[in-house]
Amino acid sequence: MLLIDRTGGAAETWTRADGAAIGNLSHALVGWDFLPEALDQQSPGQSVGVLISNALPREALKPFLDRLSLVCIGFPAFSDGRGFSLAKAIRREGYRGTLRASGPLIPDQFDYAIACGFDEIELPDASASRQGLLQWQQVRGRLSQTYQRGYSREGNILDRRRLARAASVSSGS
């Protein structure tokens, strides 16, 4: 497994807990089915994170967000973009903890993942062996313009074109 953040390779600080038993783990990552029980066991100073499917409805996670330090969204394939939409929705709910994308993403998706609110990307060994940290670092920041809304503060290509057209019309050009 390779963990990547905005600055490069990152050290894993989370331990995946089997079931809901989080014991004395300082950073326990549990599956969605075990989340309520794990949060009931949470002691002061202990961080709980959850691994969820990218198909989980945002509304299901909402009641737990204020108690979670990590939300890890699973991507079954790089071509399944539902996790990007879910990450944006979770950030819109006000979640300030760490958002992690987990699965076989590709380096071309790095800027989109960061723009959607992800802090980290966790790659399985098979993906990391094909496209390692160097490839991920080389693509970071390469995307300067997008067609989708919400990926950058400067707006997207279409919004910029509309503004330029409106300015052109108002100036009589």
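Every chain is numbered on its own, with residues counted from 1 as its sequence reads. The predicted origin of the model limits local features to residues at a pLDDT of at least 70 and limits the giving and counting of side-chain atom pairs to 80 or more, whereas totals for whole chains, interfaces and linings rest on all residues. Think of the side-chain values as coming from all heavy atoms in the structure, minus any hydrogens and water.

Here the focus is the pairing of strand β1 (residues 2-5). Any two strands with at least two DSSP-identified bridges between them are counted as paired. What counts as a helix is a DSSP run of H or I of at least four residues, what counts as a strand is a run of E of at least two, and both are numbered from the N terminus. Bridge analysis of β1 against strand β8 (residues 120-123) gives four bridges, and the strand direction is antiparallel. Bridge pairing in β8 links Leu2 to Leu123. Here two bridges tie β1 to strand β2 (residues 8-9), and the two strands are oriented antiparallel to one another. Looking at β2, one finds that Asp5 is bridged to Gly8. Here β1 hands over to β2 after two residues, the two strands then running antiparallel side by side.

Let us now look at the pairing of β8. When a strand is regular, its side chains alternate between the sheet's two faces. Burial classes: relative accessible area under 20% of the type maximum marks a residue as buried, over 50% as exposed, and values in between as partly exposed (1.4 Å probe, protein chains only). Residues of β8 alternate between two faces, with Glu120 and Glu122 on one and Ile121 and Leu123 on the opposite face, all of them buried. In this sheet, β8 lies alongside strand β7 (residues 98-102) in parallel orientation, the contact comprising three bridges. From the neighbouring strand, Ala101 faces β8, where its bridge partner is Ile121.

It is worth spelling out the side chain of Arg91 at this point. Relative to the helices and strands, Arg91 is located in helix α3 (residues 82-92). There is a polar contact of 2.9 Å between the side chain of Arg91 and the backbone oxygen of Gly97. Those residues within four positions of Arg91 in sequence are excluded, and the remaining contacts are Arg96, Gly97, Thr98, Leu99, Cys116, Gly117 and Asp119. Any pair of N or O atoms that falls within 3.5 Å is considered a polar contact. Within protein, one atom must be able to donate a hydrogen and the other to accept it, and sequence-neighbouring residues count only if both atoms are side-chain atoms. In this description, contact between two residues means that some pair of their heavy atoms is separated by no more than 4.5 Å.

Every disulfide links exactly two cysteines, by a covalent bond between their sulfur atoms. Any two cysteine sulfur atoms lying within 2.5 Å of each other are counted as a disulfide. Following the criterion strictly, the structure yields zero disulfides and no others. Of the cysteine sulfurs around Cys72, a residue in no disulfide, the closest is that of Cys116, at 16 Å. The class for Cys72 is buried, based on a relative accessible area of 0%.

Right, let's talk about the packing of aromatic side chains for a bit. In summary, the pairing rule links any two rings of Phe, Tyr or Trp, Trp by its six-membered ring, whose centres are within 6.5 Å, and it sorts them by plane angle into stacked for under 30 degrees, edge-to-face for over 60 and tilted for everything else. Using the criterion set out here, one finds five aromatic pairs in the structure. With 6.3 Å between their ring centres and 80 degrees between their planes, Phe84 and Phe118 make a pair best called edge-to-face. With Phe84 in helix α3 and Phe118 in the loop between α4 (110-115) and β8, the pair connects residues that are 34 residues apart, well separated along the chain. With a relative accessible area of 10%, Phe84 lands in the buried category. Residue classification places Phe118 among the buried residues on the basis of a relative accessible area of 0%.

Everything listed here is a matter of geometry and, on its own, says nothing about what the molecule does.
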